[in-house]
Amino acid sequence: MSGSGARGPGEADAAPRPARPPETLARHVEPVRDRNERGVRQRGDDTRARVIDEAAVCVIEEGFANASANRIAQRAGVTWGVIQYHFGDRAGLFSAVVYAGYEQARVCLEEATIPEGPVRARVGAVVEAGWRAYGSPLGRASFEILINTRASRKDDPEHAAELIEMARGVHRIGARLLADGGHRRRSGHSVEALLWAALRGFAMTLMLTPDEYDFAAEREALVDVLTAFLEESGSAGEAGETRA
């Protein structure tokens, strides 16, 4: 090619560059409809979560009997129609609170930082993770709802079985975290059962008093008891292996 831009002898015309298919451009641009739908879904999820959280606080502050669907809607700043759309009715809303409570417990345990080393440090971390879940508004409201809806679950065995399985799932995580220290479960005893029974007791005690209380001293005592139990179990296991 000469400096003037004229083609030299024998030079063929440059092949035209093919046009870029318009669909390849579209792949990089989210359709407006999809973006709008995603925004609607996100707002719906946010509204649902806000109603669940407010329902939990309403149960704790005003009691199960006073936590009507209209009262919860008022506190959450939504209409009864919004609650009906997301949950169906009051029973559906309270079921959602209970499910959210169990899910929160699972997440608190699975995301807990469990230190290696002394048994007491491990037990303390598990107790604190469990209390973050059970002592929270969702956890406390879940227990109050379960107590007050006990009779209705007799007519819905499938729902009752789901609740039992969710509780067992949380308990299995706790048992695994406690056992990761290499300490054996003593035959006929369940250290994790004591853990959950104590934490549930702390949470439900708050239903009986208007004062907030964090059970710090009681949780320390629980850690001491669980640690002693696990250390004794570990010593018994090592002694048995030595005799063998």
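Predicted model only: the values in this text are computed from it and were never measured.

### Here's the deal with the nonpolar core
Grouped burial of nonpolar side chains is what soluble globular proteins tend to show.
Move 1: One finds Ile-72, Leu-195 and Leu-199 to be the most contacted residues of the largest nonpolar core, which totals 58 residues.
Move 2: Apart from residues no more than four positions distant in its own chain, Leu-199 is found in contact with Val-127, Gly-130, Trp-131, Tyr-134 and Leu-222.

### What about empty space enclosed by the protein?
Move 1: A full pass over the atoms with the stated rule returns one cavity of 30 Å³ or more.
Move 2: The calculated volume of the largest cavity comes to roughly 60 Å³.
Move 3: Lining the largest cavity are Val-98, Gly-101, Tyr-102, Ala-105, Ala-133, Tyr-134, Gly-139, Ser-142 and Phe-143.
Move 4: In terms of residue count, the dominant contributor to the lining of the largest cavity is helix 5 (residues 90–110) (four residues).

### Details of the environment of Glu-231
Move 1: Along the chain, the position of Glu-231 falls in helix 10 (residues 216–243).
Move 2: C-alpha separation for the pair Glu-231 and Arg-120, spaced 111 residues apart in sequence, amounts to 9.1 Å.

### Observations regarding the packing of helix 7 (residues 137–148) against helix 9 (residues 191–205)
Move 1: The contact between helix 7 and helix 9 brings their axes to 9 Å, and the two run at 85°. One finds that helix 7 runs roughly perpendicular with respect to helix 9. Contact with helix 7, carried on its side by Arg-140, Phe-143 and Ile-147, involves Arg-200, Ala-203 and Met-204 of helix 9 and no other residues of that element.
Move 2: When the residues that make up the contact of helix 7 with helix 9 are grouped by side-chain class, the tally is four nonpolar, no polar and two charged.

### Observations concerning the pattern of salt bridges
Move 1: Evaluated as defined, the whole model comprises twelve salt bridges.
Move 2: Arg-106 is the partner of Glu-110 in a salt bridge, and the nearest nitrogen-oxygen pair spans 2.5 Å. In this pair, Glu-110 and Arg-106 are both assigned in helix 5, four residues apart and thus about one turn of the helix distant.
Move 3: Glu-110 gets classed as partly exposed once you look at its relative accessible area, which sits at 44%.
Move 4: The class for Arg-106 is partly exposed, based on a relative accessible area of 29%.
Move 5: Residues participating in the shared-partner salt-bridge network are Glu-54, Glu-61, Glu-62, Arg-71 and Arg-75.

So, how was this worked out
- Residues numbered from 1 in each chain as written.
- Predicted model: local features only at pLDDT ≥ 70, side-chain atom pairs only at ≥ 80, totals over all residues.
- Heavy atoms only, no water.
- Core = buried A, V, L, I, M, F, W, Y, C linked by side-chain atoms within 4.5 Å.
- Buried < 20%, exposed > 50% of the residue type's maximum accessible area, 1.4 Å probe, protein only.
- Contact = heavy atoms within 4.5 Å.
- 1 Å grid on protein atoms, 1.4 Å probe; cavity = no way out; pocket = protein on both sides within 12 Å on 5 of 7 lines; lining within 4 Å.
- Points joined across faces, edges and corners; volume = space filled by probe spheres on them.
- Helix = DSSP H or I, 4+ residues; strand = E, 2+ residues; numbered from the N terminus.
- Axes fitted to C-alpha atoms, helices over the stretch in contact; angles between N-to-C directions.
- Parallel < 35°, antiparallel > 145°, perpendicular 65-115°, else oblique.
- Nonpolar A, V, L, I, M, F, W, Y, C, P; charged D, E, K, R; others polar.
- Salt bridge = Lys/Arg side-chain N within 4 Å of Asp/Glu carboxyl O.

The analysis is restricted to geometry; functional conclusions fall outside its scope.
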